[in-house]
Amino acid sequence: MEDMPIDIHYNKLSDWLVKRRHCKANWQESAIKIREKINTAIQDMPAHDEITSLLTGTYINYFHCLRIIEILKTTEANSKNIFGSYSSQRMKDWQEVVQLYKVDCVYLAEAAQMLSRNVNYELPALKRQVAKCVKSQQDSLRKEAEYSSLSADFRGKYADMCQQYGIEGRNVKRELLLLAADLSNTYNDIANAAKSLLPSLNYYTEFINLINSGHKTVICPLLRTVIQKGNITTYEWRNNRPPTSSIDSTCFSQSLLSSEKSTEEEQLDSEIDWGAIDFGEDVGVEQDQIDFGDNEVDIELNEQGNAELTIQWDEADTTEVCDDAIDDGVARGKDALTVLDNPATRFQFMDELIELELFLSQRLEDMTEGTDVIVLSLIQSAPLSLQISHSDLRSMMSKVREVNLKASSPKLQQLMSIRNSPR
């Protein structure tokens, strides 16, 4: 019967041990003395990995002390005498701690208290922590799947954009700069396509002159110039004559030049041998002689004894030179750009295209409804060039829209923004 197990609720285990006189009611006083002895014993411990793990961040209890003694039996084996006892002070200290635990079964009371605390507090906290970690793991797996899907989508979009712009996507900045530098061919295609708009522009001009009672009005001057002369420079558009030479100092040319220089520097930086710089023995400057020219310098003393400096300048020295007022036939800056590359003239070109398209659209609507009696009477008495059919107007409008779409495509707009960006 003594070996029969007894079922005791964990919350009542401490009270049961005290009531059955296995432990004293004041066992905690003995536990305090044991803690003081343990704090003294741990000050002198051998270098052992398991002992270090037992003593790190852990509340040392009776069972830890038993394990420490088992380890000390190995580390302190040399101090064992013929009687089976140990002369090592470390072993004596921990054996004394175990003996103090066994007095009045203090170890049973402490174990019962630890069991109750673990069940009431530690286990629920661990369960909550486990549930939190499981939820965090599930959220991480869900986000990983979402991000993997998004990354695949963005890689596909990136490949589509590279294919749309006609680049490989390895060095995007340089490839886009090179692509933007080759826009002259696209501008020439737009200028060639605009030549088909000459009948539409002539029709628009003659119609406006008819409405204005024969007064000639300049209609879409830039569009007409592009139709007649092509994609000319801004200098030729403003001065009505081609430049003798062009100097392009725009932001895009500087960006392209810096990009090329950076690429070359990356390839040649490790190969440059600066060597010795020879400045020569005679630089041709005498430090003691400064030539001020033919100007006369007079130094006089005033009444207070201070020196007054008077310089008589030659007449040639007071002449102001203004580079902007000199027209030497050289196109500089934005004047060196073509009319379709210069932002200001390009916007004007697009405005005139839209103006022509809206005029043809309005004329097509008037001819369809036939409500404008005054315009109809004017057209009937107008030259034959203005008396065109409904299908001819549709053909003109389709050509204008075709040029407009070609000049305002998203790819072209992006490349134009790259060319005009200061970065």
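Just so you know, these numbers come straight off a predicted model, no measurement behind them.

**Q** Before we go on, may I ask you to explain the overall build of the protein chain in this structure?
**A** Along its length, the protein chain carries 16 helices and four strands. Taking the contacts inside the protein chain whose residues are at least 6 apart along the sequence as the reference set, 69% of them involve residues at least 24 apart. Accessible area of the protein chain: about 29,700 Å², with a carbon and sulfur share of 52%.

**Q** How do you make sense of the pattern of salt bridges when you look at a structure like this?
**A** Taken as a whole, this structure holds twelve salt bridges when the rule is applied. Between D44 and R90 there is a salt bridge; the shortest N-O distance is 3.2 Å. Taken as a pair, D44 in the loop between α2 (27-41) and α3 (49-55) and R90 in helix α5 (residues 89-102) lie far apart in primary sequence, 46 residues in all. Among the salt bridges present, the one from D139 reaches K135, with a minimum N-O distance of 3.2 Å. Taken together, the residues span about one helical turn, with D139 and K135 both in helix α6 (residues 106-165) at a distance of four residues. On the basis of relative accessible area, D139 is assigned to the partly exposed category, the value being 26%. Under the relative-accessibility criterion, K135 is labelled exposed at 51%.

**Q** I tried to follow helix α4 (residues 62-75) on my own but got confused; where do I start?
**A** An α-helix turns once per 3.6 residues; consequently, residues spaced three or four apart project the same way. Its 14 residues place the ends of α4 20 Å apart at the C-alpha level, agreeing with the 20 Å of an ideal helix rising 1.5 Å per residue. Within α4 the residues assigned to the buried category are Y62, H64, C65, I68, I69, I71 and L72. Elements that come into contact with the buried residues of α4 comprise α2, α3, α5 and α6. For α4, the side-chain oxygen to backbone nitrogen distance between the N-cap and F63 is 3.0 Å, and the N-cap itself is N61.

**Q** What exactly am I supposed to notice about the confidence of the model for the protein chain here?
**A** A low pLDDT score tells you not to read the predicted coordinates there in detail. Within the protein chain, residue pLDDT values average 78, and 76% of them lie at 70 or more. Element-level pLDDT for the protein chain is lowest in strand β3 (residues 307-312), with a mean of 51, against a maximum mean of 92 in helix α10 (residues 221-229). Scored below 50 in pLDDT, residues 279-288 makes zero contacts in the model with residues more than four places away or belonging to other chains. Predicted confidence for residues 313-325 stays below pLDDT 50, and this span has five contacts to residues more than four positions away or in other chains.

**Q** Would you mind showing me how to read the environment of Q348 here?
**A** The residue Q348 is located in helix α13 (residues 343-369) in this model. Along the primary structure Q348 and L223 are separated by 125 residues, whereas in three dimensions their C-alpha atoms are 8.6 Å apart. Beyond its immediate chain neighbours, meaning those up to four positions away, Q348 contacts P221, L222 and W237.

**Q** Can you help me understand the packing of helix α8 (residues 183-194) against helix α15 (residues 390-407) in this one?
**A** Describing two packed helices takes the angle between their axes plus the distance from one axis to the other. For the pair α8 and α15, interaxial distance at closest approach is 10 Å and the crossing angle is 170°. On the basis of their axis angle, the class for α8 and α15 is roughly antiparallel. In contact with I190, A193 and A194 of α8, α15 contributes V403, K406 and A407. Across the contact of α8 with α15, the residue classes tally to five nonpolar, no polar and one charged.

**Q** Hey, could you run me through the packing of aromatic side chains in this one?
**A** Aromatic ring pairs are defined here through the distance separating the ring centres and the angle between the ring planes. Under the counting rule described, the total for this entry stands at seven aromatic pairs. Taken together, Y62, F63, Y101 and Y107 form an aromatic cluster joined through their ring pairs. Lying across the ring of Y59, R35 places its NZ or CZ 4.2 Å from the centre. Cation over ring: R346 sits above F347, and NZ or CZ is 5.5 Å from the ring centre.

Reading the values: rules and limits
Residues numbered from 1 in each chain as written. Predicted model: local features only at pLDDT ≥ 70, side-chain atom pairs only at ≥ 80, totals over all residues. Heavy atoms only, no water. Helix = DSSP H or I, 4+ residues; strand = E, 2+ residues; numbered from the N terminus. Contact = heavy atoms within 4.5 Å. Areas by Shrake-Rupley, 256 points an atom, 1.4 Å probe, with all protein chains shown as cover. Salt bridge = Lys/Arg side-chain N within 4 Å of Asp/Glu carboxyl O. Buried < 20%, exposed > 50% of the residue type's maximum accessible area, 1.4 Å probe, protein only. Expected span 1.5 Å × (residues − 1). Polar contact = N/O pair within 3.5 Å; in protein donor to acceptor, adjacent residues only side chain to side chain. pLDDT = per-residue confidence, 0-100. Axes fitted to C-alpha atoms, helices over the stretch in contact; angles between N-to-C directions. Parallel < 35°, antiparallel > 145°, perpendicular 65-115°, else oblique. Nonpolar A, V, L, I, M, F, W, Y, C, P; charged D, E, K, R; others polar. Phe/Tyr/Trp six-rings, centres within 6.5 Å; stacked < 30°, edge-to-face > 60°. Lys NZ or Arg CZ within 6 Å of the ring centre and 35° of its normal.

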